[in-house]
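Okay, here's what each chain looks like letter by letter:
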Amino acid sequence: MLLIHPPIAKACEPPAGLALLAGVLRAHGQSCQVIDCNLEAQEHLIQAPAVSDDTWTRRAKKHASSNLETIRQPALYHTFSRYQRCVADLNRALNQSSQQAAMTLSNYTDSSFSCVRSDDLLAAVEHPEQSPFHDYFMNRLPQALEENAPQFIGISLNFMSQAVPTFAMIGLLKKIAPQVTIIVGGGLMTSWMRHPNWQNPFKSCIDHCVDGPGEAALLKLLGVHPQQNLTAPPDYSVLPLEHYWSPSPILPLATSRGCYWNRCTFCPERAEQNPYHPLTVSTIVEQLHHLCSEWQPGLVHLLDNAISPALINALMAQPLPAPWYGFARISKQLADPDYCRALRQSGCIMIKLGVESGDNQVLESMDKGVTVELTERVLNSLKLAGIATYVYLLFGTPTENLDAAEATRQFICRNHEAIGFLNLAIFNLPTNSPDAQRLDLRPFYQGDLSLYSDFDHPKGWNRGEVRRFIDKRIKKEPLIAEILRRDPPQFTSNHAAFFV
Ligand code: SF4
């Protein structure tokens, strides 16, 4: 079995899902290799000839290989302006390597093929030579096939930015290795398959589409009965942990699937009815300590939608030897300064918080289960304990109006000293959410694979007005602009913990 992580995703940490699959397959005696084509292909293109000849591009290409070294050096992260310039130059070197796509270090938009139209993805299969990654694929894939002679190739498709390159890769694999069975799983494939309108349009090019966790599905395809349990630890030896674009290795780990709260009305997790499946706390703590002693990471990234209170308590009792961060729900415990101090001592250096709104009626209508007052107490307790916060806000939700958005603006200003980093997003309505049943939809992505929709806002607070409000009233507010300037370009929350 050969597992592939396709471009483009942020190349700052290894793909946790593939390390997990490798761990389970190997624990069942199956041979398994992993290629991070995302990391390799981006490095290939960054150092490839440019398609333009302006001063910035020449400089970015000239320093491409030294910048790829520098982005792994801790000294770079001591001076934010140097870091910004290094990232901007790497980004320039990447996006000036092809005219076929608008590429950044975190996104990919193809000029010919849409990632939300199955016809376009099938056309990408037919024309892999149009992909900016074609040269890299042509060198790397035959070599991988020769070295590993896989009977199965599993591709992990998690983000929209990976969709077109994934299908181009499949097109090439079909040409050079038609006998190999192609399996595609991952978060994006799962979301497509769980959509009520799903009618597999990819039967001609993908042998097996996998919905949800891939471990049991892959073992079944290999003809192996999963007699051992499926909680084998991830195997990071299959990936070049030291080679990712971070000052020290990041070790990502998902300790649960789904969300223990699972009530927020806007949430895709809830819309897809993903059940909550945590590992047992003792298993997680044992795995984390084992992985930390094996890999000596500089940072542990807990990937859960919301780290459970039980796990937080367990990490307080058995602190990790490496700093860690992840998403947590706002809770009464986190409002307690003593609790937050103990959390800091457990190694927690940053908490990501889905605050969403600074208006209580909006929070209540979303079923967030928190109030603005509690959120403010949590922010202040975390600040006092020395834990940074990465705050996520959502504008344009169905019950928001201008006054509620203004309340959110005032909330940020009131709490600006306690907010480390800020993510401002415009609400995308999941097309399979309960709200989508009662609102008048206006698709903004024209495509059969689109998971989100625009809608006629019941209060007239439509997308254009929301965007103008964010641009004029939020981003231009000096106290807020100061927070936004701290955000690491391209890598955002994935690198933020290196600046706290
Ligand atoms: S807490 Fe987060 S993951 Fe859980 S339901 Fe709410 S938005 Fe979704």
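Since the model is a prediction, treat every value here as computed from it, not as a measurement. (Residues numbered from 1 in each chain as written. Predicted model: local features only at pLDDT ≥ 70, side-chain atom pairs only at ≥ 80, totals over all residues. Heavy atoms only, no water.)

**Student:** Before we go on, may I ask you to explain the overall build of the protein in this structure?
**Tutor:** Scanning the protein from terminus to terminus reveals 21 helices and 18 strands. Radius of gyration (C-alpha) of the protein: 23 Å, near the 23 Å computed for a compact globule of 500 residues. Of all 500 residues assigned to the protein, the portion counted as buried reaches 57%. The long-range share in the protein, meaning contacts at least 24 apart out of those at least 6 apart in sequence, stands at 76%. Here the protein has roughly 20700 Å² of accessible surface; of this, 49% comes from carbon and sulfur atoms. Taking the average location of the 42 positive side-chain charges in the protein and that of its 48 negative ones, the two points are 5 Å from each other. (Helix = DSSP H or I, 4+ residues; strand = E, 2+ residues; numbered from the N terminus. Rg over C-alpha atoms; globule rule 2.2 N^0.38 Å. Buried < 20%, exposed > 50% of the residue type's maximum accessible area, 1.4 Å probe, protein only. Contact = heavy atoms within 4.5 Å. Areas by Shrake-Rupley, 256 points an atom, 1.4 Å probe, with all protein chains shown as cover. Lys, Arg positive; Asp, Glu negative; His and termini not counted. Charge placed at Lys NZ, Arg CZ, Asp CG, Glu CD.)

**Student:** How should I be thinking about the side chain of Asp110 in this particular structure?
**Tutor:** Assignment of secondary structure puts Asp110 in strand 4 (residues 108-110). Buried and without a salt bridge, Asp110 has Arg117 as its closest oppositely charged side chain, separated by 11 Å. For Asp110, the side chain forms a polar contact with the main-chain nitrogen of Ser112, separated by 2.8 Å. From its side chain, Asp110 meets the backbone nitrogen of Phe113 in a polar contact 3.1 Å long. Setting aside residues no more than four positions away along its own chain, Asp110 makes contact with Gln100, Ala101 and Val164. (Salt bridge = Lys/Arg side-chain N within 4 Å of Asp/Glu carboxyl O. Polar contact = N/O pair within 3.5 Å; in protein donor to acceptor, adjacent residues only side chain to side chain.)

**Student:** Is there a simple way to think about the pattern of salt bridges in this case?
**Tutor:** Opposite charge on two side chains permits pairing when their charged atoms draw close. A full pass over the atoms with the stated rule returns 22 salt bridges. Linking Asp211 and Arg194 is a salt bridge whose minimum nitrogen-to-oxygen distance equals 2.7 Å. Of this pair, Asp211 sits in the loop between strand 7 (208-209) and helix 10 (215-221) while Arg194 sits in helix 9 (residues 187-194), placing them 17 residues apart in sequence. When the shortest N-O distance is used, the salt bridge between Arg438 and Asp435 registers 2.9 Å.

**Student:** What is the right way to read the pairing of strand 5 (residues 152-156) from this model?
**Tutor:** Within strand 5, five of the five residues are buried, leaving the element largely enclosed by the surrounding structure. A two-sided burial pattern is seen for strand 5, the buried positions comprising Phe152, Gly154 and Ser156 on one face and Ile153 and Ile155 on the other. Where strand 5 meets strand 6 (residues 181-185), five bridges bridge the pair, whose relative direction is parallel. In the strand pairing of strand 6, Phe152 is matched with Thr181. In this fold, strand 5 hands off to helix 8 (residues 163-176), which returns the chain to strand 6; that crossover is right-handed. (Pairing = 2+ DSSP bridges. Right-handed = clockwise from strand over helix to strand, strands pointing away.)

**Student:** Help me out: how do you make sense of the sheet that holds strand 11 (residues 299-302) in this one?
**Tutor:** What holds strands together in a sheet is hydrogen bonding between their backbones, with the strands either parallel or antiparallel. Across the sheet, six strands lie side by side as 8-11-12-13-14-15; this open sheet has parallel pairing. Both outer strands of the open sheet, strand 8 (250-253) and strand 15 (421-426), are each paired with one neighbouring strand and no more. The mean angle between the axes of side-by-side strands here comes to 15°, regardless of whether they run parallel or antiparallel. In terms of strand pairing, strand 13 (residues 348-356) meets strand 14 (residues 388-395) through six bridges, oriented parallel. Paired with Ile351 across the two strands is Thr389, which belongs to strand 14. Helix 16 (residues 372-385) contacts strand 13 and strand 14 of the sheet and is inclined by roughly 165° relative to strand 13. (Axes fitted to C-alpha atoms, helices over the stretch in contact; angles between N-to-C directions.)

**Student:** Looking at this structure, I do not really get the environment of Asn360. What am I missing?
**Tutor:** Relative to the assigned elements, Asn360 resides in helix 15 (residues 360-366). On the accessibility criterion, Asn360 (32% relative accessible area) is partly exposed. Placed 13 residues apart in sequence, Asn360 and Glu373 show a C-alpha to C-alpha distance of 8.8 Å. Each residue touching Asn360, except ones within four places of it in the same chain, is listed here: Thr371, Val372 and Glu373. For Asn360, the side chain forms a polar contact with the main-chain nitrogen of Val372, separated by 2.8 Å.

**Student:** Just to check I follow, could you spell out the site of the ligand for this structure?
**Tutor:** The ligand sits among Cys259, Trp261, Asn262, Arg263, Cys264, Phe266, Cys267 and Asn305. For the shell around the ligand, a count of residues per class yields five nonpolar, two polar and one charged. (Near = heavy atom within 4 Å. Nonpolar A, V, L, I, M, F, W, Y, C, P; charged D, E, K, R; others polar.)

**Student:** For this particular structure, what's the right way to read the side chain of Asp435?
**Tutor:** By secondary structure assignment, the location of Asp435 is in helix 18 (residues 434-438). A distance of 2.9 Å separates polar atoms of two side chains, one belonging to Asp435 and the other to Arg438. Those residues in contact with Asp435 that lie beyond four places of it in its chain are Thr265, Pro398 and Leu429.

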